[in-house]
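# Structural description and commentary
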Amino acid sequence: MKLYPNILSAVEKREKLLAVLMDPDKAKPESLDGFMQKLNNSIATHIFVGGSTVEEFATENLVIALKKHSNLPIVLFPGDISQITNEANSILYLSLLSGRNPEYLIGKHIASVSKLRNTNLEVIPTGYLLIENGKETAVQRVTQTAPMPINNEQAIVDTAKAGELLGMRLIYLEAGSGAKKAIPSSIISAVKEELGIPIIVGGGIRSKEQLDAAYQAGADLVVIGTAFEEDESFFNQLKK
Ligand code: 1GP
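Residues numbered from 1 in each chain as written. Predicted model: local features only at pLDDT ≥ 70, side-chain atom pairs only at ≥ 80, totals over all residues. Heavy atoms only, no water.

### Remarks on the side chain of Glu174
Formally: The secondary structure listing takes helices from DSSP runs of H or I that are at least 4 residues long and strands from runs of E that are at least 2 residues long, numbered from the N terminus. When accessible area is computed with a 1.4 Å probe and restricted to protein chains, residues below 20% of their type maximum are described as buried, those above 50% as exposed, and intermediate ones as partly exposed. Asp and Glu count as negative and Lys and Arg as positive, but His and the ends of the chain are not part of the count. Salt bridge criterion: a side-chain nitrogen from Lys or Arg within 4 Å of a carboxyl oxygen from Asp or Glu. Distance and chemistry together define a polar contact, namely a pair of N or O atoms within 3.5 Å, with one atom able to donate a hydrogen and the other to accept it when in protein, and with adjacent residues in sequence counting only for side-chain atoms on both sides. By definition in these notes, contact holds between two residues if any of their heavy atoms fall within 4.5 Å.
Topologically, Glu174 is positioned in strand S6 (residues 170-174). No salt bridge is formed by the buried Glu174; its nearest oppositely charged neighbour, Arg206, is found at 11 Å. Side chain to side chain, Glu174 and Tyr128 meet in a polar contact 2.6 Å long. Among the polar contacts made by the side chain of Glu174, one reaches the main-chain amide nitrogen of Gly176 at a distance of 2.9 Å. In this structure, Glu174 is in contact with Phe77, Tyr128, Leu129, Leu130, Ile131, Ile183, Gly202 and Gly203, ignoring residues within four places of it in sequence.

Laid out in structure tokens, this is it:
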């Protein structure tokens, strides 16, 4: 099953996509029942799996368990090479374009090749932009890069565009997990206007209103993790 063509066709049909992000450090394979039941009854279209600090094999074990609970495509959103597992369908091959740390622009990618070579994962090149949200986030800490200032919209648009010109298939606008402020609508729409590739938006989205605002501004796929982790009843507002 190839995910990218499905994303493109959803964009064409103006269908909006929602990924539930699950962190292998927090979601435990043995206690997924209730959560997954709610997820399966919701409008979620994808499950993303990833975290910034994850124990070895935790990702693989979680993905194996998730497949028993859901038929949704499982996409790796890896914080590190150790999180690559052939059990998933696809991998967002993230290059942190907002930062200037060569490890996260190309270094980790080179190191990942020997692992990827032995998988059937669909690799989706994704330009990843970390944007200021009011507090320090895990991505910032782990990658030792600064987020892009929110008031320099042109720099954000130009960075996203450069990603598209380099051949990225997706652009991910990231406010950071548990962000105080989600990506502002004005930034989403400015990037959307300039780009021909689908846009992912994530970080700090905690309500149906914020989700709809992100879609309205031009997000093709929204990622939500923390809000579901903190309160599973949020799924009730997002029923199919
Ligand atoms: C984090 O964009 C994702 O990488 C989702 O963020 O956990 O704040 O929903 P939240």
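### Things to note about the environment of Asp25
Looking at the element boundaries, Asp25 is found in the loop between strand S1 (17-22) and helix H2 (33-40). Spatially, the C-alpha atom of Asp25 lies 23 Å from that of Ala111, the residues being 86 residues apart in sequence. Discounting residues that sit within four places of it in the chain, Asp25 has contacts with Thr53, Val54 and Glu55.

### Some words on the packing of aromatic side chains
For clarity, the threshold we go by: Pairing of aromatic rings covers Phe, Tyr and Trp, the last through its six-membered ring, and needs centres within 6.5 Å; plane angles under 30 degrees mean stacked, over 60 mean edge-to-face, and all others mean tilted.
In total, this model carries 7 aromatic pairs according to the counting rule given. Look at Phe77 and Tyr172: their rings are 5.1 Å apart centre to centre, the planes differ by 5 degrees, and that puts the pair in the stacked class. Highlighted residues: Phe77 in the loop between strand S3 (74-76) and strand S4 (90-96) and Tyr172 in strand S6, separated in sequence by 95 residues. A relative accessible area of 9% places Phe77 in the buried class. Overall, the relative accessible area of 1% leaves Tyr172 in the buried class. Ring centres of Tyr128 and Tyr172 lie 5.1 Å apart, and the angle between their planes is 90 degrees; on these two criteria the pair is classed as edge-to-face. Within this pair, whereas Tyr128 is found in strand S5 (residues 122-130), its partner Tyr172 is found in strand S6, the two being separated by 44 residues in sequence. These aromatic residues form a ring-pair network of at least three members: Phe35, Phe228, Phe234 and Phe235.

### Here we look at the sheet that holds S3
Under the convention used in this document: A pair of strands counts as paired when DSSP detects no fewer than two bridges linking them. Fitted lines through C-alpha atoms give the axes, limited to the stretch in contact for helices. The angle between two N-to-C directions lies from 0 to 180 degrees.
The strand order around the closed barrel formed by 8 strands is S1-S2-S3-S4-S5-S6-S7-S8, and the pairing between neighbours is parallel. Taking the axes of each pair of neighbouring strands and ignoring which way they run, one obtains an average angle of 30 degrees across the sheet. With 2 bridges joining them, S3 and S4 adopt parallel strand pairing. Looking at S4, one finds that Leu76 is bridged to Ile91. In this fold H2 packs onto S1 and strand S2 (46-49), with an angle of close to 170 degrees to the strand it touches most, S1.

### Topic: the nonpolar core
The criterion, for reference: Among buried residues, the Ala, Val, Leu, Ile, Met, Phe, Trp, Tyr and Cys ones that are joined through side-chain atoms within 4.5 Å form a nonpolar core.
By size, the foremost hydrophobic cluster in this structure holds 80 residues, and its most contacted members are Met22, Phe48, Leu92 and Leu173. With 6 residues, S1 is the largest single contributor of residues to this core. Excluding anything up to four places from it in sequence, Phe48 contacts Ala19, Val20, Leu21, Met22, Val75, Phe77, Leu92, Tyr172, Leu221 and Val223.

Take it as geometry only, folks, not as evidence of what the structure does.
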